[in-house]
Amino acid sequence: MKRMKWMAAMLCVGLLTGSLAGCGKGGSGGAAGTDGTDEPEKGRYVETEEALPEQLEGWDIRQIYALEDKVHLLAMKNEDNRIQLKEWAQQEEGFADVTPDWLNGLELSAANDWTEVKLLCGEGGTQYLLAGYVAEGESDYKCHLWKGGAGEAQDITPQEWTATNEWGGYAMISAAAVLNNGTLVTVNSPNLEILSGEDGKTLESSQMSDYCDAMISDGENIYLYSNSSIGEADIKLQKCKDGKPGGAETITFSESMSGVQFCVLKDGTLIAAGADGIFRGKQSSGNTEWEKLMEGVETDFALSDRWCVSLTATADGRIYTMFRTSGGGNVLRKYEYDPEAVTEVTERLRLYTVYDNSILKQAAVAYHKAHPEVLITVEAVYPMYYYDETDYNAVYQELNTMLLGEDAPDILVMDHLDIDSYAEKGLLEDINDVLDPMEAGGEILANITKSYIKDDGKRYVVPLQFAFPMVLGRDISAGDMESMEKLAAFLSGADYNYMGGLTVSELVDRFYPYFCNEIVKDKQLDKETLGIYLDYLKGMSENCGILPSRDENERAFNMWELASQAKLAFYEADGFNGSMAPIAMADYVKGEFAAFENSFIPSMQMGICSKSNYKDTAKDFIKFALSETVQGTDYYSGFPVNSASLEALAGRDRSDAEAETAIEAEGGSVPFTIKDFTPETAQRLVEICKGLNKPVGEDAKIREVLIEALEGYFNGGQSRENTLQKVEDGLKMYLAE
């Protein structure tokens, strides 16, 4: 475990002096009018939910599109490997089933759930269906094309799609559109194909200069782009007249955001929508000017428990989006300009975090929807998926500068930051009044949250999620590996190397987080307590053997070696889905698992800046973030602190997360299946979570000194007493600061 806490004590010294300005600068929220009066400015885009027909319950809505300014839906259901398709159209009283006879009569049989469908509508009402699936009795994915007609569908699949390519597979059509001239355009990478709308024959095929796998069309032009470029600083759309790439015009969208979707109106107006907002692009004289219509936080695009399936817009300015929720439901949202709507935000709070996170975004957006007058902006130093080394010195400098100046955040996520130091300097608010009632009512796991009560009875942070260190073993009982004391006693009498050879740093990293909080008392090293843990480490080192170094191409044994050489491994169990693989391995080797040291690994430890102008709102937000509304979604990043959410997620079907791979076992490579565990195992995980009571510790300086001091102790060249003294000498000045 290498999560280091950079205490950076000297960087915090400046916080002892000077007055701190109030947090949450700009509290008026800009609700007043721009003419100097108190009247709020009117007119803005608003989000509303459009009701879907009850008959579509259980159907998967794959596409929305606009015909004559009416929204149409393409819904699919797969029952007993038979694919059903329905078209619904928006009417004044709601949606009506308008499925044509040719689509109703189309019989498709699929061998699995991997099915892609798109309905194309051309001039004069001619319709086409593009469908890709693995047909029953076949083993390969194929794309098919039908033309709608009077009563029955006409199969116009191009002959080239039915023949295997040089890689032994069939054409993978990633995008398609129908043009006003009666032709179809498809992306069959790396080629762009123009097909006859009458019989599907390939009229032209040309290789694209850039990789593109997505397409939209205004009827006269197609716009090609790559889904792999989503999230980059610039997204390039290639506008091709009549679907021909020669002389293509490049349109640049410079709003980097994940999950962005595009659509285009008949007049060439472009719409882009994603987590950062909804944008409209007007084309004129070869240029495209992008206008931001809505902030992302005002929309479902910013919610992490749903994703956009399809986007469309009408000529009168309405924008529609179909979302699929993590629970499997469909949600249709409409975005429309309301001339009477006013900006309701009167409180603007800032949430500071080192790493961006789905649950933080979910909480901020959901809270704004419940409280339109409050807008909480998540400000992350690093993006969500950042794998390089984090510069915590720079993080501390930035945060301390904000706290000393007029730009302090209201809410802080304190993961891997020195919580005690900031609390001692009066920079964090006591949040006991939020947590006490929730604990008393059993709403949250008190065994987790009460771990943060300080000697003075106050609490300054609370984690929104947690993981726990799962220890897995074969030829060892759960009881013998559940703590350092029991594990050391077992390994001392074992004649097999259970963990494989470890370097000093690897052994320290694996075990020091479980005792680093216990060996410091009143800013001094507790040598007696440290001595006990040194004895445990010594016994473990004698079993595994200490390596002088490790080749950069090698690594220590982990969970995957349990099937071959290792008999003991550790795994960070970060939620029910995250526990599937290690439990499957324990089952495979007929072994056992346990929570090590009854400890937990907290994440998103949230606190409040004591100088915030909106402390009551910030406290209410923390309460909201701990509620089922936020915690009831599986974010694949940890177990929820909310009690009801923990039970609900334990009972969820996880079959969609099952997987197959290959592992090395005695005798060579063997197949390995990761399956959903039994309800009994799920309940065991719940009971483990309810019994955890000790957060793991992390401290870069303590880790550094232990690594320097222990090598001689492990190889027998240094006594226990000398080792304790060496650690004390190395930490004396640091602990006194």
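Residue positions are counted from 1 within each chain, in the order its sequence is given. With the structure being a predicted model, the display of local features is reserved for residues of pLDDT at least 70 and the display and counting of side-chain atom pairs for 80 or more, all residues being used for whole-chain, interface and lining totals. Values reported for side chains reflect all heavy atoms of the structure, with hydrogen atoms and water molecules removed beforehand.

**Topic: the overall build of the protein chain**
Item 1. Scanning the protein chain from N- to C-terminus turns up 17 helices and 40 strands.
Item 2. With the C-alpha coordinates of the protein chain rotated into their principal frame, the extents come out at 90 × 75 × 50 Å.
Item 3. Counting the 737 residues in the protein chain, one finds 53% classified as buried.
Item 4. Within the protein chain, residue pairs in contact and separated by at least 24 positions form 63% of the contacts whose partners lie at least 6 positions apart.
Item 5. Each accessible area is a Shrake-Rupley result for a 1.4 Å probe, and residues are judged covered by the shown protein chains and nothing else. Total accessible area on the protein chain is roughly 33000 Å²; 45% of this is exposed by carbon and sulfur atoms.
Item 6. Of the charged side chains in the protein chain, 63 are positive and 124 negative; the average position of the first set lies 3 Å away from that of the second. For the purposes of this entry, the term helix denotes a DSSP run of H or I that reaches at least four residues, the term strand denotes a run of E that reaches at least two, and both are numbered from the N terminus. When accessible area is computed with a 1.4 Å probe and restricted to protein chains, residues below 20% of their type maximum are described as buried, those above 50% as exposed, and intermediate ones as partly exposed. For this analysis, residues touch if any pair of their heavy atoms sits within 4.5 Å. Positive residues here are Lys and Arg, negative ones are Asp and Glu, while His and the chain termini are left out of the count. Throughout, a charge is located at the NZ atom of Lys, the CZ atom of Arg, the CG atom of Asp or the CD atom of Glu.

**Quick look at the pattern of salt bridges**
Item 1. A carboxyl oxygen of Asp or Glu within 4 Å of a side-chain nitrogen of Lys or Arg is what we treat as a salt bridge. For the structure shown, the criterion picks out 47 salt bridges.
Item 2. Between Glu136 and Arg82 there is a salt bridge whose closest N-O contact spans 2.7 Å. Highlighted residues: Glu136 in the loop between β8 (127–134) and β9 (141–147) and Arg82 in strand β4 (residues 82–91), separated in sequence by 54 residues.
Item 3. In this structure, the salt-bridge partner of Lys334 is Glu336, at a minimum N-O distance of 3.2 Å.
Item 4. On the basis of relative accessibility, which here comes to 15%, the residue Lys334 falls in the buried class.
Item 5. One salt-bridge network, in which partners are shared between bridges, spans Glu47, Glu49, Asp300, Asp305, Arg306, Arg333 and Lys369.

**A short note on the sheet that holds strand β16 (residues 221–225)**
Item 1. Two strands are counted as paired when DSSP detects at least two bridges linking them. One open sheet accounts for 4 strands, arranged β15-β16-β17-β18; its pairing is antiparallel. Among the strands making up the open sheet, the edge pair consists of β15 (214–217) and β18 (249–253). The mean angle between the axes of side-by-side strands here comes to 25 degrees, regardless of whether they run parallel or antiparallel. Between the N-to-C directions of two axes lies an angle of 0 to 180 degrees, each axis being a line fitted to C-alpha atoms and, for a helix, fitted only over the stretch in contact.

**Here's the deal with unusual backbone geometry**
Item 1. In this structure, the amide linkage connecting Ser189 to the following residue, Pro190, adopts the cis form with an omega of 10 degrees.
Item 2. In this structure, Pro190 sits in the loop between β12 (183–188) and β13 (191–196).
Item 3. Even without a glycine there, the phi angle at Asn598 is positive, about 55 degrees.
Item 4. If you trace the backbone, Asn598 turns up in the loop between β35 (592–595) and β36 (599–608).
Item 5. Overall, Asn598 belongs to the partly exposed group, its relative accessible area being 32%.

**Side note on empty space enclosed by the protein**
To locate leftover empty space, one rolls a probe as large as a water molecule over the atoms.
Item 1. The definitions used throughout rest on a 1 Å grid laid over the protein atoms alone, on which a cavity is an enclosed set of points accommodating a 1.4 Å probe that cannot get out and a pocket is an open set flanked by protein within 12 Å on both sides along at least five of seven lines; lining residues are those having an atom within 4 Å of a point. Grid points are joined across faces, edges and corners, and a volume is the space filled by probe spheres set on the points. Counted by the stated rule, this structure contains 1 cavity of 30 Å³ or more.
Item 2. For the largest cavity, the calculated volume is near 30 Å³.
Item 3. In terms of lining, the largest cavity is formed by Leu120, Leu130, Leu145, Trp161, Ala176, Leu184, Thr186 and Leu195.
Item 4. Think of it as three bins: nonpolar holds Ala, Val, Leu, Ile, Met, Phe, Trp, Tyr, Cys and Pro, charged holds Asp, Glu, Lys and Arg, and polar takes everything else, Gly as well. Tallied by class, residues from the lining of the largest cavity come to 7 nonpolar, 1 polar and no charged.

**Concerning the nonpolar core**
Item 1. Only buried residues count toward a nonpolar core. Its members are Ala, Val, Leu, Ile, Met, Phe, Trp, Tyr and Cys residues joined through side-chain atoms within 4.5 Å. The biggest cluster of nonpolar side chains holds 98 residues, and the ones touching the most others in it are Phe466, Phe468, Phe576, Met606 and Leu626.
Item 2. Ranked by residues supplied to this core, first place goes to helix α3 (residues 358–370) with 7 residues.
Item 3. Setting aside its immediate chain neighbours within four residues, Phe576 contacts Phe639, Leu646, Leu649, Ala650, Arg654, Phe677, Ala682, Leu685 and Val686.
Item 4. If you look at the next biggest cluster of nonpolar residues, it comprises 48 residues, including Ala467, Leu491, Phe515 and Leu706.

**Section: the sheet that holds β9**
Item 1. Pairing is antiparallel across the open sheet formed by 4 strands, whose spatial order is β7-β8-β9-β10. Because the sheet does not close on itself, it has two edges, and the strands there are β7 (116–121) and β10 (154–155).
Item 2. Taken together, the 6 bridges between β7 and β8 define a ladder with antiparallel strand orientation. Among the inter-strand pairings, Cys121 is bridged to a residue of β8, identified as Gln127.

**Notes on the side chain of Asn577**
Item 1. Tracing the backbone shows Asn577 in the loop between β34 (568–573) and α11 (580–588).
Item 2. A distance of 3.5 Å separates a polar atom in the side chain of Asn577 from a polar atom in the side chain of Tyr636.
Item 3. Setting aside residues up to four positions removed in sequence, Asn577 forms contacts with Asp634, Tyr636, Arg654 and Ala657. Between N or O atoms, a polar contact is any pair within 3.5 Å; within protein, one atom must be a potential hydrogen donor and the other a potential acceptor, and residues adjacent in sequence are included only when both atoms are from side chains.

**Focus: the packing of aromatic side chains**
Item 1. Ring geometry is summarised as follows: Phe, Tyr and Trp rings, the Trp one being its six-membered ring, pair when their centres sit within 6.5 Å, and such pairs are stacked at plane angles under 30 degrees, edge-to-face over 60 and tilted between the two. In total, this model carries 27 aromatic pairs according to the counting rule given.
Item 2. Seen from their ring centres, Phe570 and Phe596 are 5.0 Å apart, and the 90 degrees between their planes marks the pair as edge-to-face. In this pair, Phe570 is assigned in strand β34 and Phe596 in the loop between β35 and β36, connecting sequence segments 26 residues apart.
Item 3. By way of ring pairs, the aromatic residues Tyr225, Phe253, Phe262, Phe279 and Trp290 are connected into one cluster.
Item 4. Above the face of the Tyr496 ring, Lys567 is positioned so that its terminal group lies 4.3 Å from the ring centre.
Item 5. Consider the ring centre and the ring normal. A charge sits over the ring if Lys NZ or Arg CZ is within 6 Å of that centre and within 35 degrees of that normal. Across the ring face of Phe593, the terminal group of Arg684 is positioned such that the distance to the ring centre comes to 3.9 Å.

**Some thoughts on the side chain of Arg318**
Item 1. Relative to the helices and strands, Arg318 resides in the loop between β23 (306–313) and β24 (319–325).
Item 2. In terms of polar contacts, Arg318 uses its side chain to reach the side chain of Tyr320, at 2.6 Å.
Item 3. Dropping the residues within four chain positions of it, Arg318 is found in contact with Asp69, Gln90, Thr312, Ala313, Lys334, Tyr335 and Glu336.

**What to know about helix α9 (residues 504–511)**
Item 1. Summarising burial for α9: 7 of the 8 residues are buried, a large majority.
Item 2. The set of residues buried in α9 consists of Val504, Glu506, Leu507, Val508, Asp509, Arg510 and Phe511.
Item 3. Those residues of α9 that are buried lie in contact with α8 (484–492), β30 (502–503), α10 (527–544), β33 (546–547), β34 and α16 (700–714).

**Some points on the environment of Ala662**
Item 1. Note that Ala662 resides in strand β38 (residues 659–665).
Item 2. Through-space distance from the C-alpha of Ala662 to that of Ala650 is 27 Å; in sequence the pair is 12 residues apart.
Item 3. With near-sequence residues (within four places) excluded, Ala662 lies in contact with Ser669, Val670, Pro671 and Phe672.

**With respect to the confidence of the model for the protein chain**
Item 1. For every residue, the predictor states its confidence as a pLDDT score lying anywhere from 0 to 100. Averaged over every residue, the pLDDT of the protein chain is 90; residues scoring 70 or more account for 94%.
Item 2. Scored below 50 in pLDDT, residues 1–35 shows 101 contacts in the model against residues more than four places distant or in partner chains.

**Notes on the environment of Asp199**
Item 1. Among the structural elements, Asp199 can be located in the loop between β13 and β14 (202–207).
Item 2. Under the relative-accessibility criterion, Asp199 is labelled partly exposed at 34%.
Item 3. Asp199 sits 216 residues away from Asp415 along the chain, and the two C-alpha atoms are 61 Å apart.
Item 4. At 3.2 Å, the side chain of Asp199 forms a polar contact with the side chain of Ser196.
Item 5. A distance of 3.1 Å separates a polar atom in the side chain of Asp199 from the backbone nitrogen of Lys201.

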